[in-house]
Amino acid sequence: MAIGYWNDMLAIKPDHLVALLEKGALVLKRGETDEAIRCFEAAAIVSPDNPLALNNLAVALVQASRHHEALDHFRRLAGLQPENIMLQHQVRRQTSRVVPFWHIPMLNDVHRNAAFEEAIKKVVAARGTSVQILDIGAGSGLLSMMAARAGATNIVTCEAVPVIAEIAKRIVAQNGFSDRIAVVDKISTDLVIGRDMGARADILVSEILSSDLLAEDVLNTFEDAHARLTNEGATIIPRAATAVGCLVESNVLNQYAFVEEVSGFDVSEFTQLAANRLPVHGTMTEWKRLSPDVDLQKIDLTQSKYAEEMRIVEIPVISDGIATGIVQWIKIDLAEGVEFVNHPDNYSDGGWLQILHPFPRPIQVESGTALQIIAGHDRSSLILMPLSSARN
Ligand SMILES: C[S@@+](CC[C@H](N)C(=O)[O-])C[C@H]1O[C@@H](n2cnc3c(N)ncnc32)[C@H](O)[C@@H]1O
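Residues numbered from 1 in each chain as written. Predicted model: local features only at pLDDT ≥ 70, side-chain atom pairs only at ≥ 80, totals over all residues. Heavy atoms only, no water.

What follows concerns the overall build of the protein chain. The number of helices and strands found in the protein chain is 13 helices and 17 strands. Overall size of the protein chain, expressed as C-alpha extent along the three principal axes, is 85 × 70 × 40 Å. Taking all 392 residues of the protein chain together, 48% fall into the buried category. Accessible surface for the protein chain amounts to roughly 19200 Å². Of this, 52% is attributable to carbon and sulfur atoms. In the protein chain, 34 side chains carry a positive charge and 49 a negative one; their mean positions are 5 Å apart. (Helix = DSSP H or I, 4+ residues; strand = E, 2+ residues; numbered from the N terminus. Buried < 20%, exposed > 50% of the residue type's maximum accessible area, 1.4 Å probe, protein only. Areas by Shrake-Rupley, 256 points an atom, 1.4 Å probe, with all protein chains shown as cover. Lys, Arg positive; Asp, Glu negative; His and termini not counted. Charge placed at Lys NZ, Arg CZ, Asp CG, Glu CD.)

Shown next, in the form of structure tokens:
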């Protein structure tokens, strides 16, 4: 039946369930996602446990890229129909869209966890157990529970992803820390002192560092935290993080970064479209080092402002070769004497991978010389570019 028929019906009875569902399905087919969502939401109000209304609403929300809300509806529906395999699949599929895969390997990274716990224990001992602690980015609540285990009694942790915040609350309760840790399901920039936490924090702990330092919006988050959420002189964990790297030659990585002749055709122009960063597993990929380790970009997380920056860094070449690019990892300064590094020579499993920053084209380098690169950041990503290609 045509949409006009259902519109006429809804003009007479705006909460007509069949009309809402039929109109929603028709407009969704026409790509009018917002109108479809309005129809299915209205249908779900008329009939809250109606499987068709909930399922169609979730499908329309997926089409509108509103994945968190879609997941909520799929989860509710799966609760109503626990035997429905398709719903179980949709719940897992949507969960994967909103919860990055690296959470589990990160949680299983015993070296990372031990370094954070050592720093947290040190700082709680120095600042006292009753000071206000803020943990930005709860995840499972691990770092807050470490603070509680160190004796801290006044911990607030916030989490931007609703489904993760919900699980963190359950984990904190299961471990018996609900009286000391409040999990707030908000992004840190929405936290309000006096409502979400009693006072500004004396200790800020946060692990929102990506494999290339900046992709998890760490600089905006810390700027906001320094301005609104921490006391003057608050102790920050980690204090700093540095992108470290070395020049590499690798036939394997060349296959990911450059293309030349394929099936007898010259397709080398396509190299212009190559990714500027490729996550790699340092210990699993064949590559040869052409330089020593070089600090490429340090971020001092105790600062209250972070401007974009760029400068020339000289990379000493220690071996002749054709450089594919720079393999980069991170070094985290957590507290006095506590450091964590995911060095590619000896870090195989964890939440962080190493990142290959391929050059625009392979560069021939000679031992005893230095390759000049431009290194810096634009606040949300690292900039690593050979000076020669920047000038071309
Ligand atoms: C790398 S995980 C770390 C989780 C946990 N702190 C740990 O170390 O095991 C970062 C978490 O912070 C959350 N997150 C990132 N930025 C945030 C922010 N500004 N406010 C609240 N949560 C944030 C992400 O959704 C993610 O769950």
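So, on to the pattern of salt bridges. Per the stated rule, a full pass over the model turns up 20 salt bridges. The partner of Arg75 in a salt bridge is Glu166, and the shortest N-O contact between them spans 3.1 Å. Of this pair, Arg75 sits in helix H5 (residues 67-80) while Glu166 sits in helix H10 (residues 162-174), and the two are 91 residues apart along the sequence. In this structure, Glu166 and Arg170 form a salt bridge, with 3.6 Å as the shortest nitrogen-oxygen distance. Placement of both Glu166 and Arg170 in helix H10 is noted, with a separation of four residues, approximately one turn of the helix. (Salt bridge = Lys/Arg side-chain N within 4 Å of Asp/Glu carboxyl O.)

This part is about the packing of aromatic side chains. Under the defined criterion, the tally for this structure stands at two aromatic pairs. Considering the side-chain rings of Phe340 and Trp352, the 5.4 Å spacing of their centres and the 45 degrees angle between planes classify their relative orientation as tilted. Placement of the pair is Phe340 in strand S14 (residues 338-341) and Trp352 in the loop between S14 and strand S15 (354-365), with a sequence separation of 12 residues. When its relative accessible area of 4% is taken as the criterion, Phe340 is described as buried. Trp352 sits in the buried class, given a relative accessible area of 5%. In this arrangement the basic side chain of Arg112 is found over the ring face of Phe116, its NZ or CZ atom lying 5.8 Å from the centre. (Phe/Tyr/Trp six-rings, centres within 6.5 Å; stacked < 30°, edge-to-face > 60°. Lys NZ or Arg CZ within 6 Å of the ring centre and 35° of its normal.)

As a further point, take the nonpolar core. Ile133, Leu134, Leu247, Leu334 and Ile373 are the most contacted members of the largest nonpolar core, which totals 74 residues. Residues lining this core come from more than one domain, with at least three contributed by each of domain 2 (104-237) and domain 3 (240-391). Ignoring sequence-local partners within four residues, the contact set of Ile133 consists of Val124, Ala147, Ala152, Asn154, Ile155, Val156, Ala201, Ile203 and Val205. Trp6, Val27, Leu54 and Val161 belong to the second-largest nonpolar core, a separate cluster that totals 31 residues. (Core = buried A, V, L, I, M, F, W, Y, C linked by side-chain atoms within 4.5 Å. Domains from an automatic or database assignment. Contact = heavy atoms within 4.5 Å.)

Residues annotated by UniProt as "repeat: TPR" (unreviewed entry) correspond here to residues 17-50 and 51-84. The span residues 17-50 shows a helical share of 79% and a strand share of 0%, and its end C-alpha atoms are spaced 10 Å apart. (UniProt positions renumbered as here; feature names shortened; annotations may be inferred.)

Okay, the site of the ligand next. Inspection of the region around the ligand gives 22 residues, with Arg112, Gly137, Glu159, Ala160 and Ser188 positioned closest. His103 has a polar side-chain atom sitting 3.5 Å from an oxygen atom of the ligand. Residue composition of the shell around the ligand, grouped by class: 12 nonpolar, five polar and five charged. (Near = heavy atom within 4 Å. Polar contact = N/O pair within 3.5 Å; in protein donor to acceptor, adjacent residues only side chain to side chain. Nonpolar A, V, L, I, M, F, W, Y, C, P; charged D, E, K, R; others polar.)

If you walk across this open sheet you meet the three strands as S12-S16-S17, and the pairing is antiparallel. Every other strand in the sheet has two partners, leaving strand S12 (309-316) and strand S17 (382-386) as the edge strands with one partner each. Shown here is a sheet whose adjacent strand axes are inclined to one another by a mean of 25 degrees, direction ignored. Summarising the sheet, strand S16 (residues 370-377) and S17 pair through five bridges and their orientation is antiparallel. What sits directly across from Ile373, in S17, is Pro386. (Pairing = 2+ DSSP bridges. Axes fitted to C-alpha atoms, helices over the stretch in contact; angles between N-to-C directions.)

Here helix H2 (residues 17-29) spans 19 Å end to end across 13 residues, near enough to the 18 Å set by a 1.5 Å rise per residue. Turning to H2, its buried residues are Ala19, Leu20, Leu21, Lys23, Gly24, Val27 and Leu28. Gly31 lies just past H2 and shows a positive phi near 85 degrees. (Expected span 1.5 Å × (residues − 1).)

A cluster of acidic residues, Glu260, Glu261, Asp266 and Glu269, forms a negative patch at the surface. Topologically, Asp266 is positioned in strand S8 (residues 265-266). (Patch = residues over 30% accessible without salt bridge, like charges linked within 9 Å, V, L, I, M, F, W, Y side chains within 5 Å.)

This part covers the side chain of Thr271. Positionally, Thr271 belongs in the loop between S8 and strand S9 (278-280). In this structure, Thr271 is in contact with Ala257, Phe258, Val259 and Pro360, ignoring residues within four places of it in sequence.

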